[in-house]
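Coordinate analysis (summary)
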Amino acid sequence: MSTSSETVPNTSSDTAPSRSTDTGRSTSSGAAAPTTPVRGTRLTLTGASLGRPGAPALDKVDLDVAPGEILTVVGPSGCGKSTLLRTLAGLLAPLAGEIAQDGQPLTGPSADRALVFQEDALLPWRALRANVELPLAIRGVPRARRREQAQAWLERVGLGSQARQLPHRVSGGQRQRVQLARALAGRPRAVLMDEPFGALDAQTRAGMQDLLVEVLQGTGATVVFVTHDVDEALFLGDRVALLGAGGLVAVRDIPRPRDRGAHDDPARVALRRDVLTSLGT
Amino acid sequence: MKRYALRVVSLAAALGLWQALTSLDIDLWLRFSQFPTVTDVARTFAARVSGPDYWTDLTDSLTRILTGFLLAAVLGVATGVLVARSRLAEDLLGPVLEVIRPIPAIALVPVAILLFPSNEQGIVFITCTAAFFPVLVSTRHAVRALTPVWEEAVRTMGGGRWRILGSVVLPGALPGVFGGLSVGIGVSWICVISAEMISGQYGVGYRTWQDYTVVDYPGVFVGMVTIGVLGWLTSTAVELLGRRLTRWLPRSAYVPGARPPRPDRSVTPAAAAPAPTNGTGTGTGTGTGVTRSEEARDEHLV
């Protein structure tokens, strides 16, 4: 099953890297970025029961994530947000029901669906660039091209000059930027983010949100973004899914997504109030 | 610099004490009158070094220990990873290993004599068995203690079993593996020397025992000094290699250790100051040593 789903991004990426590295060379700095449209995937959960065997966290979840959309997921801590994400990544098998990617059942992890973790998931013995090179190495990109692309991604997240530093030498925010670069370098068709900015201070976090929006542009990747911060969810998402005790409570459309000026939009304010009340109860 | 001087002073003091006790024929319950003096030993040492047997013994012992130790390193890491990563391997190999582990390697001499056609292979076998278990145990612990997120990250990049082994398990377990290797090289020396004493032909242990049987005490001490120096050199080599390969570790204990001398340096003119400076200096130096040896002690206990 996995082979059939992997052929699509592979064929598209065979042509993509050359284009991206060309732009990377011609336009020297940060503006250059390996942006080639990769079609996002559709992720579907049907009557899915998620969690560890014997301890289901979410029951009867029906959710359809459209290709290329950004779906944010909010919910009180311990409600199963991470479980949902891990299941979508293929790290956890559903206890019941079905999980599908583009209509085909999802059986395990794949380079198609990158996962960005909250904690330090960078390999501490690899320098920043070597960490970003890892998904490219797994995909079989030749060493020289791998290096160029990883460098281009690091520059894109503003860490071009620290490429040779070890992860513990840079700040938490910088590490998360590297994780973002690492996730996107593999040209996934879906990016699953598990409270990636949860450990950052408010200012760094706002900067990271803007960076995320900018970096995602042109990738076309489907994004599922888990957060406990309602404002972050409403800023980033096209839609927001509310998780409550034991299941999915609601999925709401977000007016004017990724618009910093929209925070006092009456529709947004109303939605924010709704979300907060539903979380409060 | 100061720390090196201090180390030399420590060695010189030990030798000085030895020379004083033996040349003055001190007999205070402990009897030093029969003991060879440092100069006796040094004279014998010089004579041996210029003879052919000394170097044959040395290379023989080194060949045995290096072969056994390298075999043990490879087998220990491989088995440790296997047992830690596979439940089937744990169930199949675990009981056998646990039963063999408490047997002192030197007690395997009869087994070695029965199993192997030559003494040489038997000694390597005993050396290897001795180092194998510390390496196995520390590898197993290190692999089990790996941060799960690292593996999950590689899996969501599409990495398979071998990629995880090469990119996560082996590099991540390396600090622990080197803990086991440090213990292993020490145990290897103990066993190679004992095995040579029992069944060897040539080798530092064999020579030392021969000297003892012909009551050549300075010769015995030459053997002991040789073992000490070789052991020190090999364990230093393992230690340095380990530090080099795990340079990525955030050495939090190391940094504050390096700092204290700086404020003290401004005070050095005062005669009293250097002593405490050196005190803290060596203190931190042994500090890392202490954690190592604590690890070592743990491994012995397990």
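Now for a quick tour of the structure. Just so we're clear, the structure is a prediction, and the values are computed from it rather than from any experiment. Note that residues are indexed from 1 along each chain, following the sequence as it is written. Labels are handed out in written order, letters beginning with A for the chains and numbers beginning with 1 for the ligands. Predicted model: local features are reported for residues with pLDDT of at least 70 only, side-chain atom pairs are reported and counted for 80 or more only, and whole-chain, interface and lining totals are derived from all residues. As a convention, hydrogens and water are excluded, and side-chain values are obtained from all of the structure's heavy atoms.

1. So, the overall build of chain A
Regarding its fold elements, chain A presents eight helices and 10 strands. Of all 281 residues assigned to chain A, the portion counted as buried reaches 53%. Should any heavy atoms of two residues lie within 4.5 Å, those residues are considered in contact. When contacts within chain A are restricted to residue pairs at least 6 apart in sequence, long-range pairs at least 24 apart make up 69% of them. Summed over all atoms, the accessible surface of chain A reaches about 11,500 Å², with 51% contributed by carbon and sulfur. Put simply, DSSP H or I for four residues or longer makes a helix, DSSP E for two residues or longer makes a strand, and each gets a number counted from the N terminus. Buried, partly exposed and exposed residues are distinguished by accessible area as a fraction of the type maximum, computed with a 1.4 Å probe on protein chains only: under 20%, between the cut-offs, and over 50%, respectively. Using a 1.4 Å probe, the Shrake-Rupley method yields the accessible areas, and only the shown protein chains count as cover for residues.

2. Description of the overall build of chain B
Scanning chain B from N- to C-terminus turns up 13 helices and two strands. Classification of the 302 residues of chain B by burial places 39% in the buried group. Considering only intrachain contacts with a sequence separation of at least 6, the fraction spanning at least 24 residues in chain B is 71%. Approximately 17,000 Å² of chain B is accessible, and the part contributed by carbon and sulfur atoms is 68%.

3. Quick notes on the sheet that holds strand β10 (residues 247-253) of chain A
All names here are of chain A. In space, the six strands of this open sheet follow the order β6-β7-β8-β3-β9-β10, with mixed pairing throughout. Two strands bound the open sheet, and with one partner strand each, they are β6 (113-116) and β10. Across this sheet, the average inter-strand angle for adjacent strands is 20 degrees, counted without regard to direction. For two strands to count as paired, DSSP must find a minimum of two bridges between them. Sheet topology places strand β3 (residues 70-74) next to strand β9 (residues 239-244); four bridges connect them, and they run parallel. Pairing of Val 73 across the sheet is with Ala 241, part of β9. Helix axes use the C-alpha atoms of the stretch in contact, all axes being lines fitted to C-alpha atoms, and the angles between their N-to-C directions lie in the range 0 to 180 degrees.

4. Concerning the interface of chain A and chain B
Taken together, the contacts link 25 residues of chain A with 19 residues of chain B. For salt bridges, the criterion is a side-chain nitrogen of Lys or Arg within 4 Å of an Asp or Glu carboxyl oxygen. Between chain A and chain B we count one salt bridge in total. When the shortest N-O distance is used, the salt bridge between Glu 152 of chain B and Arg 86 of chain A registers 2.7 Å. Polar contacts here mean pairs of N or O atoms no more than 3.5 Å apart (in protein, one a potential hydrogen donor and the other a potential acceptor; neighbouring residues in sequence count only if both atoms are side-chain atoms). Joining chain A to chain B, the criterion identifies five residue pairs in polar contact (both at pLDDT 80 or more). Elements with a contribution of two residues or more to the side of chain A that touches chain B: α2 (81-89), β6 and α3 (128-138) of chain A. Per element, the largest residue contribution to the side of chain A that touches chain B is four residues, and it comes from α3 of chain A. Gly is placed with the polar residues, together with every amino acid not listed as nonpolar (Ala, Val, Leu, Ile, Met, Phe, Trp, Tyr, Cys and Pro) or charged (Asp, Glu, Lys and Arg). Considering only residue class, the side of chain A that touches chain B consists of 17 nonpolar, two polar and six charged.

5. A short note on the side chain of Ser 49 of chain A
Here Ser 49 of chain A lies in strand β1 (residues 43-52). Excluding residues that lie within four positions of it along the chain, Ser 49 of chain A makes contacts with Pro 56, Leu 58, Asp 59, Lys 60, Pro 94, Leu 95 and Ala 96 of chain A.

6. Considering the packing of aromatic side chains
All names here are of chain B. Geometry of aromatic contacts follows a simple scheme: Phe, Tyr and Trp rings, the Trp one being its six-membered ring, pair when their centres are within 6.5 Å, and the pair is stacked under 30 degrees between planes, edge-to-face over 60, tilted otherwise. Scanning all chains against the criterion turns up 12 aromatic pairs over all chains. Seen in terms of ring centroids, Trp 18 and Phe 221 are 5.3 Å apart; in terms of plane orientation they differ by 40 degrees. Their pairing is tilted. With Trp 18 in helix α1 (residues 2-23) and Phe 221 in helix α10 (residues 217-245), this pair connects stretches of sequence that are 203 residues apart. This pair shows no difference in class: Trp 18 is buried, exactly as Phe 221 is. With a centroid separation of 5.3 Å and 45 degrees between ring planes, the pair formed by Trp 209 and Tyr 212 is classed as tilted. Highlighted residues: Trp 209 and Tyr 212, both in helix α9 (residues 204-213), separated by three residues, approximately one helical turn. Given a relative accessible area of 38%, Trp 209 falls into the partly exposed group. Judged by relative accessible area, Tyr 212 falls into the partly exposed class, the value being 43%.

7. Quick word on the pattern of salt bridges
Residue and element names in this part refer to chain A. In total, this model carries 21 salt bridges over all chains according to the counting rule given. With a shortest N-O distance of 3.8 Å, Glu 195 and Lys 81 are connected by a salt bridge. Pair noted here: Glu 195 is in the loop between β7 (190-194) and α6 (202-216) and Lys 81 is in helix α2, with a separation of 114 residues, a long-range link. We note that Glu 195, like Lys 81, is buried. In this structure, Arg 272 and Asp 231 form a salt bridge, with 2.6 Å as the shortest nitrogen-oxygen distance.

8. Regarding the packing of helix α3 (residues 52-85) of chain B against α9 of chain B
Residue and element names in this part refer to chain B. Contact pair α3 / α9: the axes reach a minimum separation of 7 Å and the direction vectors enclose 130 degrees. Overall, the two elements α3 and α9 adopt an arrangement that is oblique. Packed against α3, whose contacting residues are Asp 53, Asp 57, Leu 58 and Ser 61, the element α9 presents Val 204, Gly 205 and Arg 207 at the interface. Among the residues forming the contact of α3 with α9, the class breakdown is two nonpolar, two polar and three charged. Roughly parallel means an angle under 35 degrees; roughly antiparallel, over 145; roughly perpendicular, 65 to 115; everything else is oblique.

9. Observations concerning the side chain of Arg 129 of chain A
By the element assignment, Arg 129 of chain A lies in helix α3. If near-sequence neighbours (up to four positions away) are discounted, Arg 129 of chain A is found in contact with Arg 147, Ala 150, Gln 151, Leu 154, Ala 163 and Arg 164 of chain A.

10. Let's talk about the pairing of β1 of chain A
Residue and element names in this part refer to chain A. Here β1 lies mainly inside the structure; seven of its 10 residues are buried. In the sheet, β1 pairs with strand β2 (residues 55-65) via seven bridges, with the strands oriented antiparallel. Counted as the bridge partner of Leu 45 is Leu 63 from β2. The loop that links β1 with its antiparallel partner β2 comprises two residues; one of these, Gly 54, has a positive phi angle of about 90 degrees. Relative to strand β4 (residues 96-101), β1 is paired through five bridges, and the arrangement is antiparallel. Following the sheet pairing, Thr 44 is matched in β4 by Ala 100.

11. Points about the sheet that holds β1 of chain A
All names here are of chain A. Strands sit in the order β2-β1-β4-β5 across an open sheet of four strands; the sheet is antiparallel. Here the strands that pair on one side only, and so sit at the sheet edges, are β2 and β5 (104-105). Strands β1, β2 and β4 of the sheet are contacted by α2, whose axis makes an angle of about 120 degrees with β1.

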